There are 2 protein chains.
Amino acid sequence: MENFHYCAPTRVEFGRGVETLAGELIRGFGGTKALLHYGGGSVVRSGLLDRMIASLEAAGVAHVELGGVVPNPRVSKVREGIELCRREGVDFLLAVGGGSVIDSAKAIGYGLAYDGDVWDLYEHKCAPKGSTPTGCVLTLAATGSEMSDSSVISNEENGKKRGVNNDLCRCRFALLNPELTYTVPAYQTAAGSADIISHTMERYFSHGTSEPTDSLAEALIRTVLEMAPRAIKNPEDYDARAALMWAGSLSHNGLTGCGRGGHGRVGDWACHQLEHELSGMFDVTHGAGLAAIWGAWSRYVMPSDPARFARFARNVMGVDGADDTAAAFAGIEAYERFLREIGMPTNLRELGLTLDEKQLDALAYNCSFQGTRDIGSIRVLEQADMREIYRLAQ
Amino acid sequence: MENFHYCAPTRVEFGRGVETLAGELIRGFGGTKALLHYGGGSVVRSGLLDRMIASLEAAGVAHVELGGVVPNPRVSKVREGIELCRREGVDFLLAVGGGSVIDSAKAIGYGLAYDGDVWDLYEHKCAPKGSTPTGCVLTLAATGSEMSDSSVISNEENGKKRGVNNDLCRCRFALLNPELTYTVPAYQTAAGSADIISHTMERYFSHGTSEPTDSLAEALIRTVLEMAPRAIKNPEDYDARAALMWAGSLSHNGLTGCGRGGHGRVGDWACHQLEHELSGMFDVTHGAGLAAIWGAWSRYVMPSDPARFARFARNVMGVDGADDTAAAFAGIEAYERFLREIGMPTNLRELGLTLDEKQLDALAYNCSFQGTRDIGSIRVLEQADMREIYRLAQ
């Protein structure tokens, strides 16, 4: 087991009706004027926005609104938020939506504590020095941003998608009401589930063992394998929606990485890095992009640690057989079968992308930061490896 | 799944050498003068105390010392600590030891923020209104106090052992170095393991299901079942010691209770309540007391929910068979076998206690708070039930 740091201080209130606690909680954290940050019209149409405003008003918290956050949230919206918050004297950020809205709020928080352009932080020109307290009301089980230290933003000017990981941005509170995800369509439910599993897999697929972390990771993945089809079949299955929501939070709050190694990082993260370039270039749904790249990635790197993939196959996918490599392949196929069953792509074609040679070059060039970085840890990937995985994923 | 609140904000630094971070962390949390709180001579003899003093001095944190905390920590020592801290202007409490030392530090923290006698809080005459920031360096994997909201104190004047649960007392940081548990003797390692498992069981054995919580709980228990014998056989098995330590923290930080029900509480906790009276009256080792009472309790309450005990039997103890009641009994026996294998008692006689009728009466009378409370949730237990379980446990 490797040494580790674990700090997941987010106060979670989970269950029916918890979103009404927002105003009171913001008050408790010293907030007096909140940015109500959200995405599209569904939050308005469902009446959730009105309920949030009522909660703020009841607690005597003033507010300004900024909607229009899109999936793969844009730095332009973040800049707009920073300017609005400065002008209005906002001291608390309330994200109402999915991971895109929360990531956008976290970016605004970083930007408010930074004198330069917020994109500098996402280009890693310097590290965040502070943030503005942030809370969230979650409406989509997927990214785990509600408890994570992560914020990922896309820059529409250069097609780049970049993330910052820092404890500073962790939400002060997360209000998790599974009923708010009843209206999430089947495709988004499936993509969210693929994203949740990926957050655990990214940490799980690295060399060595760490208990109880590995066993917890396996339990979390098995839960999503069981509950995603249930939620897709019956969108108002409360226990299934609740399990996905809580599994999403736990899969990305750091728990599944405790004691795991990596190549100067905790876990592997190659699939996420490979997918970020796809999203940046083609604006695909993040979870679907992860699903589309996973099979090619796993077959490419598996020979570096067949025992690890065999453990996954046996403990998560229920594969039998003594031979590690055979079990590993069977496990990969079994997980791809699950993805297809919930309507997720298992290659780029099924994702709707046909890439030419130049696009393959560009993706690998960008993902390797112009040839200046490697990615992954279970097998360290150079620019040429990245290109090969993109090619195999077609 | 029931609604739940989850907040485990303790910053964890885990691994070899992390205890040296104490001074710097206390500084970061605004501490200028720390109480160095510890138990017996082992912390002194091992040189750990000197290293802690060096860490504090290097960070410019002044300190005063208070040793002598005993297992089942006493309110008299807590009162001594409160007086010392007031006199010396202490603003941070650093517990160096096991759960007893941490619980004692938490009690001092409560007492410093309370005008009356600290025992009032443990008698639940009023709720804690504040605390003094506390951190810990753990030397025993057992109680989970390093991340929990719990503090349990014994009053030697009346033989009572009482607990307070409140987020206010949660440690600001926990420094978890598994190597510091290498010298823990086999019996204490086993008792600690029984305590860790019990913290998960107390939440697991209540009606209904909650995923992923139930699966995580099962994974944690399985980890302890595997690692406790390893650590007993080879006390310097780092991975086994590390797994027990981290499982101990996760078993009592709230994670294994998320979404679980109870009878106005999260989980059951009857075994803990029954054991508290044993410890209060006879000063037994907490984990051993829990082990000694568990078999009688489980056979007494199992008919209220055979399916739950059968799930435990199948998913944790590897029991086969379709009949729930038969599987449940087999699971109880299998867990008792594990306890015996690691040298734990499975009844009061093996714990060294032979109780007469008056003592049985007194234990049930005290445990029911003079007949004013029931305990448990999978089966709610009145005073007469408690007496019967004590009797059956002989």
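Residues numbered from 1 in each chain as written. Chains lettered and ligands numbered in written order. Predicted model: local features only at pLDDT ≥ 70, side-chain atom pairs only at ≥ 80, totals over all residues.

1. A look at the domain arrangement of chain A
Residue and element names in this part refer to chain A. According to the domain assignment, chain A consists of domain 1 (11-180) and domain 2 (184-392). The C-alpha centroid of domain 2 is placed 26 Å from the C-alpha centroid of domain 1. Contributions of two or more residues to the side of domain 1 that touches domain 2 are made by β6 (150-155), β7 (160-165) and β8 (173-176). Considering only residue class, the side of domain 1 that touches domain 2 consists of 10 nonpolar, seven polar and three charged. (Domains from an automatic or database assignment. Helix = DSSP H or I, 4+ residues; strand = E, 2+ residues; numbered from the N terminus. Nonpolar A, V, L, I, M, F, W, Y, C, P; charged D, E, K, R; others polar.)

2. Here's the deal with the environment of Leu36(B)
Residue and element names in this part refer to chain B. Within the secondary structure, Leu-36 is located in strand β2 (residues 33-38). For Leu-36, a count of 23 C-beta atoms within 10 Å corresponds to the buried category. Along the chain, Leu-36 and Val-266 lie 230 residues apart, while their C-alpha atoms are 33 Å from each other. When neighbours within four sequence positions are excluded, Leu-36 is seen to be in contact with Met-52, His-63, Glu-65, Leu-94 and Val-96. (Buried ≥ 20, exposed ≤ 12 C-beta atoms within 10 Å, placed from the backbone. Contact = placed C-beta atoms within 7 Å.)

3. Looking at the relation of the copies chain B and chain A
One copy of the chain maps onto the other through a rotation about an axis followed by a shift along the same axis. Once turned by 180 degrees and shifted 0.0 Å along the axis, chain B lies on chain A with an RMSD of 0.0 Å. Taken together, the rotation and translation describe the operation of a two-fold axis. In terms of proximity to the rotation axis, the leading residue of chain B is Pro9(B), whose C-alpha is 1.8 Å off the axis. Both copies contact each other with a shared surface, as 100% of the interface residues of chain B are interface residues in chain A too. (Least-squares fit on C-alpha atoms with pLDDT ≥ 70 in both.)

4. Re unusual backbone geometry
Residue and element names in this part refer to chain A. For the bond from Glu-211 to Pro-212, the omega torsion is 5 degrees, close enough to zero to count as cis. One non-glycine residue, Asp-283, adopts positive backbone phi at about 55 degrees. Within the secondary structure, Asp-283 sits in the loop between α10 (270-282) and α11 (286-301). Note on Asp-283: 15 C-beta atoms within 10 Å, which makes it partly exposed. Even without a glycine there, the phi angle at Phe-369 is positive, about 50 degrees. As for its position among the elements, Phe-369 is in the loop between α14 (357-367) and α15 (383-392). The exposure class assigned to Phe-369 is partly exposed, which follows from the 16 C-beta atoms found within 10 Å.

5. A closer look at the interface of chain B and chain A
Contact with chain B, which involves 32 residues of that partner, is made by 32 residues of chain A. At the level of secondary structure, the elements contributing two or more residues to the side of chain B that touches chain A comprise β1 (4-14), α8 (213-233) and α9 (238-251) of chain B. Considering each element in turn, the side of chain B that touches chain A owes the most residues, 10 residues, to β1(B). Its residues placed into classes, the side of chain B that touches chain A shows 20 nonpolar, six polar and six charged. Pairing between strand β1 (residues 4-14) of chain A and β1(B): seven bridges, direction antiparallel. Bridging across to β1(B), Phe4(A) finds its partner in Phe14(B). (Pairing = 2+ DSSP bridges.)

6. With respect to the nonpolar core
Ranked by size, the top nonpolar core spans 258 residues in total, and within it Ala34(A), Leu94(A), Leu244(A), Ala34(B), Leu94(B) and Leu244(B) carry the most contacts. The residues contacting Leu244(B), other than those within four sequence positions of it, are Ala141(B), Ser193(B), Ile196(B), Val224(B), Met227(B), Ala228(B) and Ala231(B). (Core = buried A, V, L, I, M, F, W, Y, C linked by C-beta atoms within 7 Å.)

7. With respect to the pairing of β7(A)
Residues and elements named next belong to chain A. Where β6 meets β7, six bridges bridge the pair, whose relative direction is antiparallel. The residue of β7 that forms the bridge with Ile-153 is Arg-162. Counting the residues in the hairpin turn of β6 and β7 gives four residues, including Gly-159, whose phi is positive at 70 degrees.

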